[in-house]
Amino acid sequence: MQVIDDRRAAAQRKYGFDVGKTGALLLLEVDEVGSRYQTLIQQATAGIRESQQPLQTDNPKAAFWYGVGRNGVWTIPIMLTIAIVSWFYSQQQSYQAIKATLDKYPNAAEFQFLMQLGQLERSEDGALNLILRAAPSKGTIEAGKHYVYNSDCKCVKVPLHY
């Protein structure tokens with residue numbers, strides 16, 4: 001009974017009103033149950049800490065795969081995401097360069113065969129020249145390889161398509 005009276009007096013000092021014998025009994029019960037649960041929590045925490053043993057090995061492969069197993073779940077997708085994003089970024093940069101060239105030169109697509117098949121030669125003075133030969137009188141004319149002289153306009157016509 002003394003324990004209940006002591007708890008009742010402590011509650012009256014702390015809260016400023018009388019909790020009665022029943023209230024003191026309930027506070028004692030709450031403290032007892034709380035201390036039991038606190039003990040259980042501390043035991044469980046100690047068990048978890050004891051069960052977590054770091055891997056110690058002299059084998060570098062085992063250490064590597066242990067690290068991959070612990071951190072690879074996050075590391076591998078992050079690295080793949082970075083690789084994919086950087087690839088898309090480089091492709092975007094390449095696309096922008098090609099688009100800028102096509103915007104600057106709207107007829108560039110028409111010169112595709114000439115650019116692919118044309119033979120280039122650098123002269124002694126450093127100039128870069130496109131080498132074309134006269135179109136054969138028989139056979140097919142090839143884009144990037146032949147030219148046709150037109151006497152009406154006194155000009156050279158270069159086929160751009162087959």
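One numbering rule holds for all chains: residues counted from 1, following each sequence as written. Residue-level local features of this predicted model are given only where pLDDT is at least 70; pairs of side-chain atoms are given and counted only at 80 or more, and the full residue set underlies all totals for whole chains, interfaces and linings. For side-chain calculations, the full set of non-hydrogen atoms in the structure is used, while hydrogens and water are omitted.

Focus: the overall build of the protein chain
Reasoning step 1: Secondary structure counts use DSSP, requiring at least four H or I residues in a row for a helix and at least two E residues in a row for a strand, with both numbered from the N terminus. Of the regular secondary structure elements, the protein chain holds four helices and five strands.
Reasoning step 2: Shown N-terminal to C-terminal, the secondary structure of the protein chain runs as helices and strands in the order α-α-α-α-β-β-β-β-β.
Reasoning step 3: In terms of overall size, the protein chain is more extended than a compact globule, its C-alpha atoms giving a radius of gyration of 44 Å where 162 residues would be expected to give roughly 15 Å.
Reasoning step 4: For the protein chain, the spread of C-alpha atoms along the principal axes amounts to about 130 × 50 × 35 Å.
Reasoning step 5: Split into buried and exposed, the 162 residues of the protein chain put 9% on the buried side.
Reasoning step 6: We call two residues contacting when some pair of their heavy atoms lies within 4.5 Å. Intrachain contacts of the protein chain at a sequence separation of at least 6 include 20% that bridge at least 24 residues.
Reasoning step 7: Each accessible area value is a Shrake-Rupley result obtained with a 1.4 Å probe; residue values ignore everything except the protein chains displayed when judging cover. In the form shown here, the protein chain has an accessible surface area of approximately 13,800 Å², with 59% of it arising from carbon and sulfur atoms.
Reasoning step 8: In this charge count, Lys and Arg are treated as positive and Asp and Glu as negative; neither His nor the chain ends contribute. In this description, the location of a charge corresponds to atom NZ of lysine, CZ of arginine, CG of aspartate or CD of glutamate. Here the protein chain carries 17 positive and 15 negative side-chain charges, and the mean point of each set is 4 Å from the other. Radius of gyration means the value over C-alpha atoms here, while the globule rule gives 2.2 Å times the residue count to the 0.38 power. For every residue, the accessible area obtained with a 1.4 Å probe (protein chains only) is divided by the maximum for its type, and the residue is called buried under 20%, exposed over 50%, and partly exposed between those limits.

Here we look at the packing of helix α1 (residues 2-15) against helix α2 (residues 20-51)
Reasoning step 1: Between N-to-C directions, angles cover 0 to 180 degrees, with each direction set by a line fitted to C-alpha atoms, over the stretch in contact for helices. For the pair α1 and α2, interaxial distance at closest approach is 8 Å and the crossing angle is 95 degrees. The pairing of α1 with α2 is recorded here as roughly perpendicular in orientation. Where α1 approaches α2, its residues V3, I4, D5, R7, R8 and A11 are matched on the opposing element by G20, K21, A24, L25, L27, L28 and D31.
Reasoning step 2: Residue polarity is assigned by list, with Asp, Glu, Lys and Arg as charged and Ala, Val, Leu, Ile, Met, Phe, Trp, Tyr, Cys and Pro as nonpolar; anything else, Gly included, falls into the polar class. Considering only residue class, the contact of α1 with α2 consists of seven nonpolar, one polar and five charged. Each angle is binned into one of four classes, with values under 35 degrees roughly parallel, values over 145 roughly antiparallel, values of 65 to 115 roughly perpendicular, and all other values oblique.

A short note on α1
Reasoning step 1: With 14 residues, α1 should reach 20 Å at 1.5 Å per residue; the first-to-last C-alpha distance of 20 Å fits that figure.
Reasoning step 2: Backbone geometry just after α1 places G16 at a positive phi near 85 degrees. Here, expected helix span is obtained from the residue count minus one, scaled by 1.5 Å.

Topic: the pairing of strand β2 (residues 128-131)
For a regular strand, side-chain orientation follows a simple rule: the groups alternate between the two sheet faces.
Reasoning step 1: Pairing of strand β1 (residues 119-122) with β2 involves four bridges; the strand directions are antiparallel. By the bridge assignment, E121 is partnered in β2 with N129. At least two DSSP bridges between two strands are required for those strands to pair.

Overview of a nonpolar patch on the surface
Reasoning step 1: Residues I76, L80, I84, W87 and F88 make up a contiguous nonpolar surface patch of roughly 550 Å² in combined accessible area.
Reasoning step 2: Residue placement: I84 occurs in helix α3 (residues 60-104).
Reasoning step 3: On the basis of relative accessible area, I84 is assigned to the partly exposed category, the value being 47%. Only residues whose relative accessible area exceeds 30% and that take part in no salt bridge are eligible for patches, with like-charged residues grouped when within 9 Å of each other and nonpolar side chains (Val, Leu, Ile, Met, Phe, Trp, Tyr) grouped when within 5 Å. Any Lys or Arg side-chain nitrogen located within 4 Å of an Asp or Glu carboxyl oxygen qualifies as a salt bridge.

A closer look at the sheet that holds strand β4 (residues 146-150)
Reasoning step 1: If you walk across this open sheet you meet the three strands as β3-β4-β5, and the pairing is mixed. Of all the strands in the sheet, the pair left with one neighbour each is β3 (133-134) and β5 (155-157).

Looking at α3
Reasoning step 1: The end-to-end C-alpha distance of α3, which contains 45 residues, comes to just 56 Å, noticeably less than the 66 Å that a straight helix rising 1.5 Å per residue would cover.
Reasoning step 2: Note that the bend at a residue is defined as the angle between axes fitted to the seven residues ending at it and the seven residues starting at it. Considering bend angle alone, the principal kink of α3 is centred on N71 and spans about 80 degrees.
Reasoning step 3: Backbone nitrogen of K61 and a side-chain oxygen of the N-cap are separated by 3.0 Å at the start of α3; the cap is N59. We call two N or O atoms a polar contact when they sit within 3.5 Å, provided that within protein one can donate a hydrogen and the other can accept it, with sequence-adjacent residues counted only if both atoms are side-chain atoms.

What to know about the pairing of β4
Reasoning step 1: Bridge count for β3 against β4 is two bridges, and the pairing is parallel. Along β4, the bridge assignment pairs R133 with H146.
Reasoning step 2: Taken together, the three bridges between β4 and β5 define a ladder with antiparallel strand orientation. By the bridge assignment, Y149 is partnered in β5 with V156.
Reasoning step 3: Taking the residues between adjacent antiparallel strands as the criterion, β4 and β5 are bridged by four residues, where K154 takes a positive phi near 50 degrees.

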